[in-house]
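Next come the chains, spelled out residue by residue.
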Amino acid sequence: MDHHATDVLTDWDTLRAGIPPVWARYTDLVVERASGSWIETTDGERYLDYTCGIGVTNTGHAHPRVVAAIVEQARQGIHLQQNIVYHQPGLELHRRLPERYPNPRADTAYGLFLSNSGAEAVEAAMKLAKRATRRTSFICFRGGFHGRTHGAMSLTSSSVKYRAHFEPLVGGVHFAPYPYPLRMGGADAALDATMAAIDELFATVVAPDDVAAFVVEPVLGEGGYVIPPDGFLPALREVADRHGILLAVDEVQSGYARTGRFFATEWTDASPDIVIMAKGIASGLPLSGILAPRSLLDQLAPGSHGGTYGGNAVACAAALATLDVIDEERLAERAHRLGERMLSSLRERAADHRSVAEVRGRGLMLALEFADGDRLTPRPDLARALLAEAMARNVLLLSCGTHGQAVRIIPPLVTTDDEVDLAVAVIGDSLAAIGA
Ligand SMILES: Cc1ncc(COP(=O)(O)O)c(C=O)c1O
């Protein structure tokens, strides 16, 4: 027989078994190609990808402008290391991204530090906050997800699975509840409870002048796609100012036009001290970063942080093309408009399903939460069943929430009205099929 090349290419079961189980899997699909909102598998099926690779492909799969920028830069040089030389896309990105600072302060110069993953950007934010304040503690929020490296994992509480059997983690991390209107008696009560819990932490567990930073997601991601009360970030800003604490917003999942503004923080008037970015930043190439005032960033001494690949030239070229696409195709406005359309039609479709406790969303960051009659007993089984039914109808979705009780919908921002309507129809049919 000819060399085993054919077997290697097509024996998916054997090949899949070669991947360790630490990569939890939603599907067994093997992709042939992906373009725009669609994934095509090796067996010729087409799926509407409303997972966006967990919120990454905001410009759609393989946007032609992003692909062209990648190819062109790869020809000019792939790895042009940051400690050794400057490269043009990196210089340009360091000029352009700070201009996107959400709610910038007057007379403040902002800068950028680039790394490779969301977790790595969180690590950078933690080190910067410690260095700039000479303090060592952090206050984070229950249900938050910030990544799986040791520092980032220490801030994470969206599920015990991320922490179990890995203790001890980084010390000095304290948690307040994330204001979760559905589960905390509405927006006002949730905000009051959260701010009271922070006061309680200050009175019982950690002195405010030991706290380097609040680290918070402007919209809770893995923890359930929860939109906090409007006053949340401003209230944190006020407490932070009172005690010399920094406010670090983790925009890894909520940023890059996802919620209808470039950063979700822009739905408020709070001006953060550190902005953590990844996922949508380079349309799928591994790139992440933090934005912060230069007065803070300049306190990190040369060599005290960094990495071999941070600010990779090809990834920076993809990031510049991503910014161009977001601007020229007006993706923030598009996310807002399509998000409103999807939210209202999903609410209509879900109205008769008593186990759908809430349909919520901001822009194209949407979720359905399943709970029993009292609306508070989580029903992860229904979320799982909905994913399976939607997949059987060729629509890919993800779950989220501490118990896996919510289904999140993360369309690419280039998706069309027809695709949105198709997804809503499929979700509606799937709700009926699972008897929710
Ligand atoms: C809000 C948030 N922060 C940080 C991370 C970690 O990013 P990464 O998986 O690239 O390390 C994620 C990933 O889902 C996230 O959603």
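This structure is a prediction, so every number in the text was calculated from the model and none was measured.

Caption draft 1: Quick look at the overall build of the chain. Looking only at helices and strands, the chain features 14 helices and 15 strands. Referenced to the eigenvectors of the C-alpha coordinate spread, the extents of the chain come out at roughly 65 × 60 × 45 Å. Looking at the chain alone, contacts between residues at least 24 apart form 72% of all its contacts between residues at least 6 apart.

Caption draft 2: Layout of the sheet that holds strand 11 (residues 356-362). With respect to topology, 4 strands assemble into an open sheet ordered 11-12-15-14, the strand pairing being antiparallel. A single partner strand is all that each edge strand has here, and the edge strands are strand 11 and strand 14 (398-400). Going from strand to strand, the sheet's axes swing by 25° on average, the running direction of each strand aside. Looking at chain direction, strand 12 (residues 365-370) and strand 15 (residues 406-409) are connected through 4 bridges and run antiparallel. Residue pairing for strand 15: L368 is matched across the bridge by V407. Against the sheet, helix 12 (residues 331-350) makes contact with strand 11 and strand 12, and its axis sits at roughly 175° relative to strand 11, the strand it touches most.

Caption draft 3: How the structure looks around the domain arrangement of the chain. Splitting the chain by domain gives domain 1 (5-59 + 330-434) and domain 2 (68-328). Once you take the C-alpha centre of each, domain 1 and domain 2 turn out to be 25 Å apart. Across the contact, 29 residues belong to domain 1 and 29 residues belong to domain 2. Elements that contribute at least two residues to the side of domain 1 that touches domain 2 include exactly helix 3 (52-55), helix 12, strand 11, strand 12 and strand 15. Broken down by element, the residue count for the side of domain 1 that touches domain 2 peaks at 5 residues, all from helix 12. Of the residues contributing to the side of domain 1 that touches domain 2, the split by class is 13 nonpolar, 10 polar and 6 charged.

Caption draft 4: Local environment of the nonpolar core. Grouped together as the largest cluster of nonpolar side chains are 132 residues, with contacts concentrated most on A125, A248, I276 and I290. Broken down by element, the residue count for this core peaks at 12 residues, all from helix 11 (residues 313-328). Here this core spans two domains, and each of domain 1 (5-59 + 330-434) and domain 2 (68-328) adds at least three residues to it.

Caption draft 5: Representation of the site of the ligand in the model. G118, A119, G147, V252 and Q253 are the nearest of the 15 residues found near the ligand. A total of 3 residues in the shell around the ligand trace back to one element, the largest contributor, which is helix 6 (residues 118-133). Across the shell around the ligand, the residue classes break down as 6 nonpolar, 6 polar and 3 charged.

Caption draft 6: Representation of the sheet that holds strand 5 (residues 137-142). The mixed open sheet is built from 7 strands, whose spatial order is 4-10-9-8-7-5-6. The sheet is open, and its two borders are formed by strand 4 (110-115) and strand 6 (173-177), each paired with just one other strand. With strand direction ignored, the average angle separating the axes of adjacent strands in the sheet is 20°. Where strand 9 (residues 274-277) lies against strand 10 (residues 288-293), 3 bridges are found, and the strand directions are antiparallel. Paired with M277 across the bridge in strand 10 is G289.

Caption draft 7: Here's a closer look at the environment of P218. Mapped onto the fold, P218 is located in the loop between strand 7 (211-216) and helix 9 (232-243). The exposure class assigned to P218 is buried, which follows from the 28 C-beta atoms found within 10 Å. Taking C-alpha positions, P218 is 7.0 Å from D250, a pair spaced 32 residues apart along the chain. Leave out the neighbours within four places in its chain, and P218 touches L233, V249, E251, S254, A264 and T265.

Caption draft 8: Geometry of the packing of helix 5 (residues 88-96) against helix 11. Where helix 5 contacts helix 11, the two axes come as close as 8 Å, and the packing angle between them is 45°. With respect to helix 11, the element helix 5 is oriented oblique. Crossing handedness for the pair helix 5 and helix 11: left-handed. Residue-level inspection shows P89, G90, E92, L93 and R96 of helix 5 in contact with helix 11, the latter providing A313, C316, A317, A319, L320 and L323. Split into classes, the residues belonging to the contact of helix 5 with helix 11 amount to 8 nonpolar, 1 polar and 2 charged.

Caption draft 9: Examining unusual backbone geometry more closely. Geometrically, the link from E167 to P168 is a cis peptide bond, its omega value of 0° lying close to zero. Mapped onto the fold, P168 is located in the loop between helix 7 (150-154) and strand 6. Positive phi values are uncommon outside glycine, yet D107 reaches one of about 60°. Here D107 shows up in the loop between helix 5 and strand 4. D107 gets classed as exposed once you count the C-beta atoms within 10 Å, which come to 5. Phi is positive for R134, which is not a glycine, with a value near 55°. As for its placement among the helices and strands, R134 is situated in the loop between helix 6 and strand 5.

Caption draft 10: View of the pairing of strand 11. Burial runs high along strand 11: 7 of the 7 residues are buried. Alignment of strand 11 against strand 12, held across 6 bridges, turns out to be antiparallel. When the bridges of strand 12 are listed, R360 appears paired with A367. Counted between consecutive antiparallel strands, the loop separating strand 11 from strand 12 contains 2 residues, among which G363 sits at a positive phi close to 60°.

Each value, and the rule that gives it
Residues numbered from 1 in each chain as written. Predicted model: local features only at pLDDT ≥ 70, side-chain atom pairs only at ≥ 80, totals over all residues. Helix = DSSP H or I, 4+ residues; strand = E, 2+ residues; numbered from the N terminus. Contact = placed C-beta atoms within 7 Å. Pairing = 2+ DSSP bridges. Axes fitted to C-alpha atoms, helices over the stretch in contact; angles between N-to-C directions. Domains from an automatic or database assignment. Nonpolar A, V, L, I, M, F, W, Y, C, P; charged D, E, K, R; others polar. Core = buried A, V, L, I, M, F, W, Y, C linked by C-beta atoms within 7 Å. Buried ≥ 20, exposed ≤ 12 C-beta atoms within 10 Å, placed from the backbone. Near = placed C-beta within 6 Å. Parallel < 35°, antiparallel > 145°, perpendicular 65-115°, else oblique. Left-handed = near helix turned anticlockwise from the far one by under 90°.

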